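# Remarks on the overall topology
Spelled out, the chains give:
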Amino acid sequence: MAHIIDNCLPFKQVCLFCAAPGTRHGVCAACLADLVRLPAEVCPRCAQASPFAQICGRCLRQMPAFDALHAALLYDYPLDGVIQAFKYGKRLDLAGSLAFLLAELAPPAIVAPDLVVPVPLADARRMERGFNQSLELARAFAGRINAPLNSTLCERIRNTPPQARLNQRQRRHNVSHAFRVKHRVDGLCVAIVDDVATSGATLSELALSLKKQGAKRVEAWVLAKVFYSKT
């Protein structure tokens, strides 16, 4: 469906960043070139900046449960405003263009996923927001890479406080035992999709739950990465 829309004249879209008409995928070439990429040297496990692209110190001290984190862009202007509009402004129409950015700009999968799952929201937060932005992004992303989506496999069983003001240790504790995977996924390679990653604690906890249910490999995919401080 994405291929049909992108190559059919009546469906030409305006750029989600500058509103230029006639764009493919909803992002014009100029804005695509201006988006802030991750530096060349990042940790191959968590995508945090790391000299010589070596495993970073935090991963050496406590390796995340996911096997790799693929981030399309840095969380920076103007992408940050678009993500906020998508997430809090109920702009579900942005999901397709954001999934294009994720699929095209994130480093390629190390192992092709057998299954795509979104990071689940707690029921209370989903009802307050009206939708799960990670699910909408995952749905469009799965269509882009031709992988099956399972939106009900994982559930959040604790409504955890927001992570934004917590340090690394607090973030891990905050999401500990927050997820449940409903059935076995023996031998599968699973792609977890979320909009933004900072420390990766939420993604790691969900990956751990998937591996406890038999997942062979879990790779995390995020539209934007926030580089956290070392303090």
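The following paragraphs examine the structure supplied in this document.

### Things to note about the overall build of the protein
- Within the protein one finds nine helices and six strands.
- A total of 231 residues make up the protein; the buried ones form 48% of that total.
- Counted over contacts in the protein with a minimum sequence separation of 6, partners at least 24 positions apart contribute 70%.
- When the accessible surface of the protein is summed, it comes to about 11600 Å², and 55% of that surface belongs to carbon and sulfur atoms.

### Comments concerning empty space enclosed by the protein
- By the definition in use, this model includes one cavity of 30 Å³ or more.
- Taken as a whole, the largest cavity spans an internal volume of roughly 40 Å³.
- When residues of the lining of the largest cavity are traced back to their parent elements, those giving at least two are strand E5 (189-197) and strand E6 (217-225).
- By residue number, the principal contributor to the lining of the largest cavity is E6, which donates four residues.
- Broken down by class, the residue content of the lining of the largest cavity amounts to seven nonpolar, no polar and two charged.

### Some thoughts on unusual backbone geometry
- In this structure, proline 78 follows tyrosine 77 across a cis peptide bond, with omega equal to 5°.
- Secondary-structure assignment places proline 78 in the loop between strand E1 (68-74) and helix H4 (79-88).
- With phi around 65°, histidine 25 is a residue other than glycine that occupies positive phi space.
- Its place among the elements puts histidine 25 in the loop between helix H1 (2-6) and helix H2 (29-34).
- Under the relative-accessibility criterion, histidine 25 is labelled buried at 16%.
- Its identity as a non-glycine residue notwithstanding, alanine 53 has a phi of 55°, on the positive side.

### Remarks on the pattern of salt bridges
- Considering all chains together, one arrives at seven salt bridges under this definition.
- One salt bridge connects arginine 91 with aspartate 93, and the closest N-O pair in it is separated by 2.7 Å.
- Of the residues examined, arginine 91 reaches a relative accessible area of 36% and is grouped as partly exposed.
- Accessibility expressed as a relative area gives 53% for aspartate 93, which makes it exposed.
- For the salt bridge of arginine 184 with aspartate 186, the shortest nitrogen-to-oxygen distance reads 2.7 Å.
- By relative accessible area, arginine 184 is classed as partly exposed at 46%.

### A closer look at the sheet that holds E6
- If you walk across this open sheet you meet the four strands as E1-E6-E5-E2, and the pairing is parallel. Strands with a single pairing partner mark the edges of an open sheet, and in this sheet they are E1 and strand E2 (115-118). Recorded for the sheet is a direction-independent mean angle of 20° between the axes of neighbouring strands.
- Relative to E5, E2 runs parallel, the two being bridged by four bridges.

### So, H4
- All of the buried residues along H4 are Leu79, Val82, Ile83, Phe86 and Lys87. End-on view of H4: buried residues confined to an arc of 130°, all on one side of the axis.
- Buried-residue contacts for H4 involve E1, helix H5 (95-105), helix H6 (123-129), helix H7 (133-145), E5 and E6.

### With respect to the side chain of arginine 45
- Note that arginine 45 resides in the loop between H2 and helix H3 (57-61).
- Buried within the structure, arginine 45 lacks any salt-bridge partner; aspartate 67 is the closest side chain of opposite charge, at an N-O distance of 4.1 Å.
- For arginine 45, the side chain forms a polar contact with the main-chain oxygen of phenylalanine 66, separated by 2.7 Å.
- Within the structure, the side chain of arginine 45 is placed 3.4 Å from the backbone oxygen of aspartate 67, a separation counted as a polar contact.

Calculation criteria
Residues numbered from 1 in each chain as written. Predicted model: local features only at pLDDT ≥ 70, side-chain atom pairs only at ≥ 80, totals over all residues. Heavy atoms only, no water. Helix = DSSP H or I, 4+ residues; strand = E, 2+ residues; numbered from the N terminus. Buried < 20%, exposed > 50% of the residue type's maximum accessible area, 1.4 Å probe, protein only. Contact = heavy atoms within 4.5 Å. Areas by Shrake-Rupley, 256 points an atom, 1.4 Å probe, with all protein chains shown as cover. 1 Å grid on protein atoms, 1.4 Å probe; cavity = no way out; pocket = protein on both sides within 12 Å on 5 of 7 lines; lining within 4 Å. Points joined across faces, edges and corners; volume = space filled by probe spheres on them. Nonpolar A, V, L, I, M, F, W, Y, C, P; charged D, E, K, R; others polar. Salt bridge = Lys/Arg side-chain N within 4 Å of Asp/Glu carboxyl O. Pairing = 2+ DSSP bridges. Axes fitted to C-alpha atoms, helices over the stretch in contact; angles between N-to-C directions. Arc of directions from axis to C-beta. Lys, Arg positive; Asp, Glu negative; His and termini not counted. Polar contact = N/O pair within 3.5 Å; in protein donor to acceptor, adjacent residues only side chain to side chain.

Honestly, that's just the spatial picture; any functional story needs more than this.
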